[in-house]
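Architecture and fold: a report
Listed below are the residues making up each chain.
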Amino acid sequence: MQENAGSKSPIKTGCLTLSEVTIGLGGRALLAISATIAPGEVLTIMGPSGSGKSTLLAFAGGFLDPAFDVSGRILIDGKDLTAVPANRRHAGILFQDPLLFPHLSVGGNIVFAIAPDVKGRGARRRLADAALDEVGLAGFFDRDPDTLSGGQKARVALQRVLVSAPRFLLLDEPFSNLDAALRQQTRELVFSKARAAGLPTILVTHDSADAEAAGGRVIEIGMEEQA
Amino acid sequence: MAQPTRLGGNALLALILGLPILAGLAGTILPAFGYLPALGGFRVTLAHFAELAGQPHILRSVLTGLAAGLLTTVAATAVVGTFVAGFAGTPTFARIQHLVSPLLAVPHAAAAFALAFLVAPSGFLLRLISPEVTGFTRPPDWLLPNDPFALTMIAGLIAKEVPFLFLVTLAALPQLAVTRASRLAAALGYGRVAGFAVCLWPALYRQIRLSVFAVLVYSVSVVDVAMILGPKLPPTLPVRVTQWAGDDDLGARFLASAGAFLQLGVVVAAMAIWIALERIGKAVLARLTFSGRRFARDGAVRAAGALAMTTCTVTIFAGLSLLSIWSVAGLWPFPDALPGSLTPNTWMRILPQLWAPLGTTVALALSASSLALVFTILLLYRNGIASSRKNAGGYRLLYLPLLVPEISFIFGLQVLMLSAGLTPGFASVLAVHFVFVLPYVVLSLSAPWREVDPRFEKIAAGFGKPALEILFAVRLPLLFRACLTALAVGFAVSISLYLPTLLIGSGRLTTITTEAVALSSGGDRRVIGIYALVQGLLPFLAFLVASLGPQLLFRNRRAMRT
């Protein structure tokens, strides 16, 4: 039963590479970074707000505002994604807020994310039920997301992104809006799932406890602005 | 990369709104100078202007309309300005806001009838105090509501333009630092109104200026309200042009064209006078600011502002209730405040002939607002979620149909259509309704469109969803309520359109609105009551559906219901 419905990725994933990425805005350089992230590894980018760490995620996800000057490339398993539009990159993103679609049920949110190659209502429903079951939310399929607690919403958001079979994960301070007890639990859950699914992951945060929990390499940026 | 598509969207908007206006103006101006091959006019001549100048009391018609429009604009701006200055950020503000907002949905014609039923010599106000106070046992012989100085018409226009300007102001207020500025001014000892005038008014006025001009153009050129409340001997110029345009003698079209062209000049003159008034106002405000006078005791001014705002709503809604009483009134002789008996007879008699125009009205309004909504969604989708500032130029275009007098280009469109041999009918009226409805639908949907959290769409894109699926499965459901509201706004605008329906339909398409205005000269109060009431209620029905729709469809989705 606990077959890890969410983390079974149909797409084999490989290393995520940021190759000499530099981001600037209006002539001012924000950051420069080169890194390769292995499957299941978490790279943490630490920096104060305004240091361009969210911009890096936007670059990786394919949503960068054209106002930024960017050079460098992003590759997954050796394939260049830099010019690939967002909806063909398969980047799983978790934001500060769970952002469950308010017009869909909890289960509807998950089914929406399941890749279209899982065919048949029954199969999609079973996958969604299993994904909810995995995080202790069995029987929540038909619930209104607005009636869930903060921790429950965070877990649905995590399972939603995992069933979408992403090739890599982008975490934009996903724990900062949770209270302390919940934060620790959710961190462990997210990182263990990402590892189990073998997803290369980029985490941006300003909380050093996040970086510690991630247990991977940490790159600090934008420190000169802070000083 | 996003730049060309944005331009594309705006160019499309310019085309859709600008083309009919330019074509219509051409269709007015050419015949005004005698060129209308379809009616045998090939020579450029000033004869039609000479004929226009020879019309009895033409100068009076021009001046009455001009003065009425200017006075309306001055009064509406003053009322809204004083009220906002006196109460922004207070609980009273929110209370009066809720009172005034529904008034925006009442069509001009219905509001005009409401006022007429109150103030007429045999109207409710005089009945209330007769014969005890006045001694009247028969209605006096007063020229009301069609008084020669157009005072009733001005009152009716003010009552409808105040809510419009007020809502425009409400939209602009969040961009000003109201709380900080008013605290600063209060700390310096300024009264609320003077503090607001000195610190915030110039910035606020800059933002609502286009809307103020729209009010000016509308009030100077209004036809339906003028027919119901305005002077009769002579009527204002736009009313006379409408009469000439509907004349069976096709030759009168040259005269109508000359009149419509003259109206264009009247509007330009009104704008010039308004700009002069703006300059004067600016100088006065500058002197006031420099003098440092604090006007700390401004209780009376504030109270007057609040009272004027409230009066607009109370008057019109009292009038609308009166319409409904008239529609079911049995015998109701003059000094009685209320009818002796109630009867459904008038409704029973009118209903059979009401269905056809009602069907046309609703079909027109639904089609025009749905088309406008679809177009608005395409436009906003094309223009992307780019910031409002970048699109400001495009959205300014939306005011185009509001800044050209209706009569001057609608009449030209009619001439062009007839010259081209097009049969007036549902499709052509729908097309012109679309032009008037579109700006309001775009204005209504663009703010909620920008407020959708872009991260929802990013998440969906991460799931590999194509752009169109994101639009239909994420953005539009999130905007469901806003889309319904925009639809209701468009519906209400379409319902209220009189002149475009009348002229482009060439009398072959009757709506509740054209019927109601046509009845105004007849004077059967019970029948007018029914038509005006139906016209006034239709927009509210649309807004009711817009607010109930999400409740029903998203019964189990708490976050979607508010």
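Calculation notes
Residues numbered from 1 in each chain as written. Chains lettered and ligands numbered in written order. Predicted model: local features only at pLDDT ≥ 70, side-chain atom pairs only at ≥ 80, totals over all residues. Core = buried A, V, L, I, M, F, W, Y, C linked by C-beta atoms within 7 Å. Buried ≥ 20, exposed ≤ 12 C-beta atoms within 10 Å, placed from the backbone. Domains from an automatic or database assignment. Contact = placed C-beta atoms within 7 Å. Helix = DSSP H or I, 4+ residues; strand = E, 2+ residues; numbered from the N terminus. pLDDT = per-residue confidence, 0-100. Nonpolar A, V, L, I, M, F, W, Y, C, P; charged D, E, K, R; others polar. Pairing = 2+ DSSP bridges. Axes fitted to C-alpha atoms, helices over the stretch in contact; angles between N-to-C directions. Parallel < 35°, antiparallel > 145°, perpendicular 65-115°, else oblique. Left-handed = near helix turned anticlockwise from the far one by under 90°.

This part covers the nonpolar core. Of all hydrophobic cores here, the largest spans 225 residues; its most connected members are I202 of chain A together with F113, A114, L115, V162 and V441 of chain B. If you count residues domain by domain, this core takes at least three from each of domain 1 (1-30 + 348-562) and domain 2 (73-325) of chain B. If we skip the residues at most four places from it in the chain, V162 of chain B touches A76, V79, V80, M309 and C312 of chain B.

Residues and elements named next belong to chain B. Secondary-structure assignment places L30 in helix α1 (residues 2-32). Given 20 C-beta atoms within 10 Å, L30 falls into the buried group. The residues contacting L30, other than those within four sequence positions of it, are Y35 and L36.

It should be kept in mind that the predicted coordinates are not to be read in detail where pLDDT is low. Residues and elements named next belong to chain A. When pLDDT is averaged along chain A, the result is 88; 93% of the residues meet or exceed 70. Per-element confidence in chain A ranges from a low mean pLDDT of 47 for helix α7 (residues 223-226) to a high of 97 for helix α2 (residues 106-113). Taken as a whole, residues 1-10 scores under 50 in pLDDT and shows 22 contacts with residues more than four places along the chain or in a different chain.

Another point: the domain arrangement of chain B. Interface size is commonly expressed as the accessible surface area that is lost when the partners come together. All names here are of chain B. Taken as a whole, chain B is organised into domain 1 (1-30 + 348-562) and domain 2 (73-325). Using C-alpha coordinates to define each centre, domain 1 is positioned 24 Å away from domain 2. In this complex, domain 1 contributes 33 residues to the contact, which on the side of domain 2 involves 32 residues. Elements with a minimum of two residues in the side of domain 1 that touches domain 2: α1, α17 (400-403), α18 (406-419), α22 (480-496), α23 (499-504), α24 (512-519) and α25 (525-553). Considering every element that reaches the side of domain 1 that touches domain 2, the biggest residue donor is α25, with nine residues. In the side of domain 1 that touches domain 2, the residues fall into 21 nonpolar, ten polar and two charged.

Glancing now at the sheet that holds strand β4 (residues 68-76) of chain A. All names here are of chain A. In space, the four strands of this open sheet follow the order β2-β1-β4-β5, with antiparallel pairing throughout. For this open sheet the edge positions go to β2 (28-37) and β5 (79-80), each flanked by a neighbour on one side alone. Alignment of strand β1 (residues 16-25) against β4, held across eight bridges, turns out to be antiparallel. When the sheet's bridge partners are listed, S19 is paired in β4 with R73. Along the sheet, helix α1 (residues 53-61) contacts β1, β2 and β4; its crossing angle with β1, the most-contacted strand, is approximately 125 degrees.

This part is about the interface of chain B and chain A. Listed per partner, the contact involves 24 residues of chain B and 23 residues of chain A. Looking at the side of chain B that touches chain A, the elements that each hand over two or more residues are α20 (454-462) and α21 (467-478) of chain B. Of all the elements, α20 of chain B adds the most residues to the side of chain B that touches chain A, at six residues. In terms of residue class, the side of chain B that touches chain A is built from 15 nonpolar, three polar and six charged.

What follows deals with the packing of helix α15 (residues 345-383) of chain B against α25 of chain B. All names here are of chain B. Two elements in contact, α15 and α25, have axes separated by 11 Å at closest approach and are oriented at 40 degrees. The pairing of α15 with α25 is recorded here as oblique in orientation. Our pair here, α15 against α25, has a crossing hand that is right-handed. Seen from α15, the contacting residues are T346, W347, I350, L354, L358 and T361; seen from α25, they are R526, V527, I530, V534 and L538. Among the residues forming the contact of α15 with α25, the class breakdown is eight nonpolar, two polar and one charged.

Moving on to the sheet that holds strand β9 (residues 218-220) of chain A. Residues and elements named next belong to chain A. The sheet built from five strands is open, its strands ordered β6-β7-β8-β3-β9 with parallel pairing. Two strands lie at the open edges of the sheet, namely β6 (91-94) and β9, each paired on one side alone. Going across the sheet, the axis of each strand differs from the next one's by a mean of 15 degrees, ignoring polarity. For β6 and strand β7 (residues 168-172), the ladder comprises four bridges, and the chain directions are parallel. In the strand pairing of β7, L94 is matched with L171.

What follows deals with the environment of A258 of chain B. Residue and element names in this part refer to chain B. Counting through the fold element by element, A258 comes out in helix α13 (residues 252-291). You can call A258 buried: it has 27 C-beta atoms within 10 Å. Beyond its immediate chain neighbours, meaning those up to four positions away, A258 contacts A32, H48, F49 and L52.

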